[in-house]
Amino acid sequence: MKVFKDYYHNTVKLVLGKEAFSKQPKHVWVITRYQGQWLLTKHADRGTEFPGGKVEHGEDAQEAAIREVKEETGGHVSRLNFIGQYYVDGKAGHIIKNIYFANVDEIEDQEHYFETEGPVLLNDIPRNIKKDDRFSFMMKDEVLVHALKVVREKYINK
Ligand code: GTP
């Protein structure tokens, strides 16, 4: 298990390759790619981040992940790869989030992208992302670093 502090100094525990904290996590985050680029979304308040959100009633985590990618980017996902799970000990309680990787098959233009301004395609994730205020706090802790390492090693040759 990897333990570190996030952008807000909350303690985060991350386990790769295993649902270590819950079989029914209430949050999901999806590292997505489309035609060789990273696919993110621009959240209205938080800034640019990989898509994700809360698992709704009647959904499992994988269904939520596919829905969130569609809502926030217009991207269609047919296969999810599980990367790991993390636990954030927040000021107002804890959250448990599954991380997936997906290659998006196609991006559909949408009228509405829920709380976001829609898809953002990037060739590279900036090295100094922690100091880049265009990006969301979710992109600024070790979860991204460790998850991207797995994605690069297992799913893309970069
Ligand atoms: P809303 O009901 O959508 O307003 O949710 P919320 O703002 O209460 O946030 P949510 O329940 O999604 O998360 C609660 C808190 O957990 C957030 O304010 C963050 O501090 C923290 N949190 C949520 N997701 C992440 C994440 O991916 N990484 C880190 N480090 N913290 C997170």
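Use the structure listed above.
Quantities reported herein were computed from a predicted structural model and do not represent experimental measurements.

**Q** What's the story with the overall build of the protein chain in this structure? I'm lost.
**A** From N to C terminus, the protein chain includes two helices and eleven strands. Taking 158 residues into account, the globule formula puts the C-alpha radius of gyration at 15 Å, and the protein chain, at 14 Å, falls close to it. Once the C-alpha set of the protein chain is aligned to its principal axes, its extents read approximately 40 × 35 × 30 Å. Put simply, of all contacts in the protein chain between residues at least 6 apart along the chain, 67% involve residues at least 24 apart. Accessible surface, the protein chain as shown: approximately 8,800 Å² in total, 46% of it carbon and sulfur. The average position of the 24 basic charges and that of the 25 acidic charges among the side chains of the protein chain differ by 10 Å.

**Q** Please explain helix α1 (residues 61-73) as it appears in this structure.
**A** Note that an α-helix has 3.6 residues per turn; residues three or four places apart therefore point the same way. With 13 residues, α1 should cover 18 Å at 1.5 Å per step; its first-to-last C-alpha distance of 18 Å lies within 8% of that length. When α1 is considered as a whole, its buried residues turn out to be Ala-61, Ala-64, Ala-65, Arg-67, Glu-68, Val-69, Glu-71, Glu-72 and Thr-73. Capping the start of α1 is the job of one residue whose side-chain oxygen sits 3.2 Å from the backbone nitrogen of Gln-62: Asp-60. Count one or two residues on from α1 and you reach Gly-74, which has phi positive near 85°.

**Q** Would you mind showing me how to read helix α2 (residues 142-154) here?
**A** Between the first and last C-alpha of α2 there are 18 Å, a value that for 13 residues agrees with the 18 Å anticipated at 1.5 Å per step. The elements touched by buried residues of α2 are β1 (2-5), β2 (11-16), β3 (27-34), β4 (37-43), β8 (81-90) and β9 (93-103). Near the N-terminus of α2, the side chain that reaches the backbone nitrogen of Val-143, with its oxygen 2.9 Å away, is that of Asp-141.

**Q** Please clarify how the site of the ligand should be interpreted in this entry.
**A** In the region of the ligand, the neighbouring residues are Asp-6, Asn-10, His-27, Lys-54, Tyr-86, Val-88, Ile-95, Lys-97, Phe-137, Met-138 and Asp-141. One of the side-chain N or O atoms of Asp-6 is found 2.8 Å from a nitrogen atom in the ligand. In the model, an oxygen atom of the ligand is placed 2.6 Å from a nitrogen or oxygen of the Tyr-86 side chain. For the ligand, whose accessible area on its own is 630 Å², the fraction buried by protein is 57%. At the level of elements, β8 and β9 are the ones that each hand at least two residues to the shell around the ligand. Grouping the constituent residues of the shell around the ligand by class yields five nonpolar, two polar and four charged.

Here is what the cut-offs are and how they apply
Residues numbered from 1 in each chain as written. Predicted model: local features only at pLDDT ≥ 70, side-chain atom pairs only at ≥ 80, totals over all residues. Heavy atoms only, no water. Helix = DSSP H or I, 4+ residues; strand = E, 2+ residues; numbered from the N terminus. Rg over C-alpha atoms; globule rule 2.2 N^0.38 Å. Contact = heavy atoms within 4.5 Å. Areas by Shrake-Rupley, 256 points an atom, 1.4 Å probe, with all protein chains shown as cover. Lys, Arg positive; Asp, Glu negative; His and termini not counted. Charge placed at Lys NZ, Arg CZ, Asp CG, Glu CD. Expected span 1.5 Å × (residues − 1). Buried < 20%, exposed > 50% of the residue type's maximum accessible area, 1.4 Å probe, protein only. Polar contact = N/O pair within 3.5 Å; in protein donor to acceptor, adjacent residues only side chain to side chain. Near = heavy atom within 4 Å. Nonpolar A, V, L, I, M, F, W, Y, C, P; charged D, E, K, R; others polar.

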